[in-house]
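Chain by chain, the residues run as shown.
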Amino acid sequence: MAGVIASSPTSPVMSFSALPRTPAPRQEADVDADGASEIVQSDDMRPADYIASPPKRDLVADLRKKVPIVSADVRFDLFHAESVNDLLMTIYDALEVHRTMANRRRVLHRDMSIFNIVMYPILGNRPDPWYAQDYPPLIDEILDGKARTPENRRARCQIIDLDNGADLASEESDITDHTELRCRTGTPAYIARAVCCGAVYCDPSAVNWREQMPLLDEKAKALYIKVYGEERYNKYNDSNSDLKTFHGGIPPEDNSLDALENKAQDMTFYHRLEYDAESIFWTMYSALLRVTPINFNETPKDTTASKLNNIWKVLQNHVIPKEPEEVDSRTTLLFSSRALLGAFPPMMQPVGHLLLRIIRHVLPSYPLMDKLPPYDDHLHEAMERLILQYLVDNRDTPIILKPHTLRQLSFPDVHAANRGGHCGSIEAFNPRHGVVADGATSRGEKRPSEAIDGAAERTSSKLRQSDRLRQKKQQ
């Protein structure tokens with residue numbers, strides 16, 4: 001059971017996560033520095049809700065097995081955040097860890113969501129730990145102005161549940177032909193718009209390129225450069241010469257919607273690195289909307305409650321359609337600044353403005369540019385800079401939260417918890433779209449869930465199962 005998490009408001013999270021193509025019990029102590037989880041025990045299984053498509057799989061290399069994994073680490077869901085700063089520091093590290101996994105490990109997660117990013121990790125015992133020497137510094141080091149040695153480097157996050165991860169190294173010759181990247185996979189409320197629609201996104205809201213790479217103020221820039229170096233800072237910055245760039249890319253010369261729609265029609269969809277960054281944005285967006293400031297008491301009649309309900313209905317009702325669609329239903333949430341700010345209480349208004357600044361970088365459809373951004377992790381960099389600037393500006397005045405106390409809704413909180421995914425034969429299907437499973441629809445549907453996905457009894461059952469397996473192997 002991939003990504004099952006069990007906890008209560010007073011207990012830590014114990015999780016079962018999954019890694020692709022892991023056929024036997026294994027240890028993974030070499031991931032301390034990158035914020036992934038250690039594995040104690042695993043065994044193969046095929047859960048009932050996993051797609052078992054017919055043998056014909058022209059665009060899928062293999063039908064991977066699900067591997068339930070007992071983690072030695074203890075960690076908490078994002079709603080346990082004690083402050084907004086803690087939550088944003090976790091998101092910052094999730095972005096840095098994610099881009100490091102993709103750029104250096106050549107693994108793309110493809111299911112970043114509120115269920116797969118956890119915080120306050122307490123690492124299990126590593127009998128023979130190994131630390132990567134070349135992983136970049138994380139948010140604590142930036143704010144402290146001093147890089148730590150690899151063995152003392154700790155991410156504020158852990159990224160779990162890699163069962164939908166794609167191996168980028170196997171298809172570096174032509175990533176657009178990558179069989180797994182042609183599939184649409186993710187969790188409905190958090191999946192990127194283009195992935196959900198299965199095509200290069202060409203909604204009118206997504207074809208305006210106005211925001212250049214954010215520049216940090218003097219204080220934040222000094223902290224950034226002290227740890228990362230000036231070379232990294234400059235390489236992502238935009239040019240303001242005669243040929244103005246946006247995230248390093250150049251917008252289309254013909255910016256008419258008709259021309260861009262025709263261009264999008266001829267482009268092949270594949271899962272890009274920036275799409276996972278957008279999923280991390282939707283995760284941050286959702287978490288910040290639901291956390292409760294320490295001295296905030298909201299009633300159902302409050303305007304903030306009404307606007308929160310309106311936004312949450314859109315997120316909760318969002319599904320991954322079996323057939324690709326032109327427009328994502330969440331798009332309205334990305335250009336309604338008044339509705340977003342109205343959903344936050346007064347003390348959280350700076351957080352709302354931060355989200356609005358990030359939205360301006362998430363909105364554009366970068367694949368439609370005449371010259372693409374030169375670095376695949378450009379959106380990660382933009383989001384990290386904006387979060388860093390907020391943390392520098394508000395480091396001494398954090399917004400304190402009530403841990404694991406969610407703002408209440410006027411309707412049942414049924415979250416989109418199961419991983420939607422469509423993948424299979426290309427026959428009778430437009431080749432520019434993401435592929436869809438033969439006869440598979442349940443992966444795009446939602447199932448009821450509490451604020452935390454899972455139940456304590458399932459955790460106990462799996463722990464007992466892993467104990468029995470371990471004892472059997474020792475006999």
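Residues numbered from 1 in each chain as written. Predicted model: local features only at pLDDT ≥ 70, side-chain atom pairs only at ≥ 80, totals over all residues. Heavy atoms only, no water.

Once that is clear, we can look at the packing of helix H7 (residues 273–290) against helix H8 (residues 303–317). Remark: H7 packs on H8, axes separated minimally by 11 Å, with the N-to-C direction vectors making an angle of 145 degrees. Once H7 is placed against H8, the crossing between them reads as left-handed. In this structure, H7 contributes Trp-282, Tyr-285, Ser-286, Leu-289 and Arg-290 to the contact, and H8 contributes Leu-308, Ile-311, Trp-312 and Leu-315. Along the lines of polarity and charge, the residues of the contact of H7 with H8 split into seven nonpolar, one polar and one charged. (Axes fitted to C-alpha atoms, helices over the stretch in contact; angles between N-to-C directions. Helix = DSSP H or I, 4+ residues; strand = E, 2+ residues; numbered from the N terminus. Left-handed = near helix turned anticlockwise from the far one by under 90°. Contact = heavy atoms within 4.5 Å. Nonpolar A, V, L, I, M, F, W, Y, C, P; charged D, E, K, R; others polar.)

The next point concerns the pattern of salt bridges. This model, assessed by the stated rule, comprises 20 salt bridges. The partner of Arg-99 in a salt bridge is Asp-377, and the shortest N-O contact between them spans 3.2 Å. Pair noted here: Arg-99 is in helix H1 (residues 84–104) and Asp-377 is in the loop between helix H10 (349–362) and helix H11 (378–393), with a separation of 278 residues, a long-range link. Classification of Asp-377 by relative accessible area gives buried; the value is 6%. For Arg-232, the salt bridge is made with Glu-384, and the minimal N-O distance between the two is 3.5 Å. Here the residue Arg-232 occupies a position in helix H5 (residues 230–236), and Glu-384 occupies one in helix H11, the gap between them amounting to 152 residues. The burial state of Arg-232 is the same as that of Glu-384; both residues are buried. What emerges from the salt-bridge pattern is a single network uniting Glu-96, Arg-99, Arg-232, Asp-377, Glu-381, Glu-384 and Arg-385. (Salt bridge = Lys/Arg side-chain N within 4 Å of Asp/Glu carboxyl O. Buried < 20%, exposed > 50% of the residue type's maximum accessible area, 1.4 Å probe, protein only.)

Before going further, it helps to examine the packing of aromatic side chains. Taken as a whole, this structure holds nine aromatic pairs when the rule is applied. Both rings, one in Phe-281 and one in Tyr-285, keep their centres 5.7 Å apart while their planes meet at 55 degrees; by these two values the pair is tilted. Of this pair, Phe-281 and Tyr-285 are both found in helix H7, four residues apart, which corresponds to roughly one turn of the helix. When the centroid spacing of 5.4 Å and the interplanar angle of 70 degrees are considered together, the rings of Trp-282 and Tyr-285 count as edge-to-face. Of this pair, Trp-282 and Tyr-285 both sit in helix H7, three residues apart, which is roughly one turn of the helix. Take Trp-282 and Tyr-285: they sit in the same class, and that class is buried. (Phe/Tyr/Trp six-rings, centres within 6.5 Å; stacked < 30°, edge-to-face > 60°.)

Time to look at the nonpolar core. Burial of nonpolar side chains together is a common tendency in soluble globular proteins. Ranked by size, the top nonpolar core spans 78 residues in total, and within it Phe-281, Met-284 and Tyr-285 carry the most contacts. Looking at this core element by element, the count peaks at ten residues for H1. Every residue in contact with Phe-281, bar those within four places of it in the chain, is listed here: Leu-334, Leu-355, Ile-358, Ile-359, Val-362 and Met-383. (Core = buried A, V, L, I, M, F, W, Y, C linked by side-chain atoms within 4.5 Å.)

This part covers H7. Here H7 spans 27 Å end to end across 18 residues, near enough to the 26 Å set by a 1.5 Å rise per residue. Among the 18 residues of H7, 18 are classified as buried, and the element is accordingly described as predominantly covered. (Expected span 1.5 Å × (residues − 1).)

With that out of the way, let us pick up a negative patch on the surface. On the surface, Glu-253, Asp-254, Asp-258, Glu-261, Glu-325 and Glu-326 cluster together to form a negatively charged patch. Secondary-structure assignment places Glu-325 in the loop between H8 and helix H9 (337–343). According to the relative accessible area criterion, Glu-325 is partly exposed, its value standing at 45%. (Patch = residues over 30% accessible without salt bridge, like charges linked within 9 Å, V, L, I, M, F, W, Y side chains within 5 Å. Areas by Shrake-Rupley, 256 points an atom, 1.4 Å probe, with all protein chains shown as cover. Lys, Arg positive; Asp, Glu negative; His and termini not counted. Charge placed at Lys NZ, Arg CZ, Asp CG, Glu CD.)

Within the secondary structure, Leu-363 is located in the loop between H10 and H11. A residue is classified by how much of its surface remains accessible, and Leu-363, at 13% relative accessible area, is buried. On a C-alpha basis, the gap between Leu-363 and Thr-331 in space is 8.7 Å, while along the polypeptide they are 32 residues apart. When neighbours within four sequence positions are excluded, Leu-363 is seen to be in contact with Arg-193, Ser-205, Ala-206 and Leu-334.

For the chain, the average pLDDT comes to 76, and 70% of its residues sit at 70 or higher. When the criterion is pLDDT under 50, residues 424–431 qualifies, and its contacts beyond four places in sequence or with other chains add up to 22 contacts. Segment residues 436–471 is flagged for pLDDT under 50; beyond a separation of four residues in sequence, or across chains, it makes 94 contacts in the model. (pLDDT = per-residue confidence, 0-100.)

Glancing now at the packing of H7 against H11. The N-to-C vectors of H7 and H11 enclose an angle of 30 degrees; their axes lie 8 Å apart at closest approach. What the angle tells us is that H7 and H11 run roughly parallel. Of H11, the residues touching H7 (which contributes Leu-273, Glu-274, Ala-277, Glu-278, Phe-281 and Met-284) are His-378, Leu-379, His-380, Met-383 and Ile-387. Taken together, the residues that form the contact of H7 with H11 break down as seven nonpolar, two polar and two charged. (Parallel < 35°, antiparallel > 145°, perpendicular 65-115°, else oblique.)

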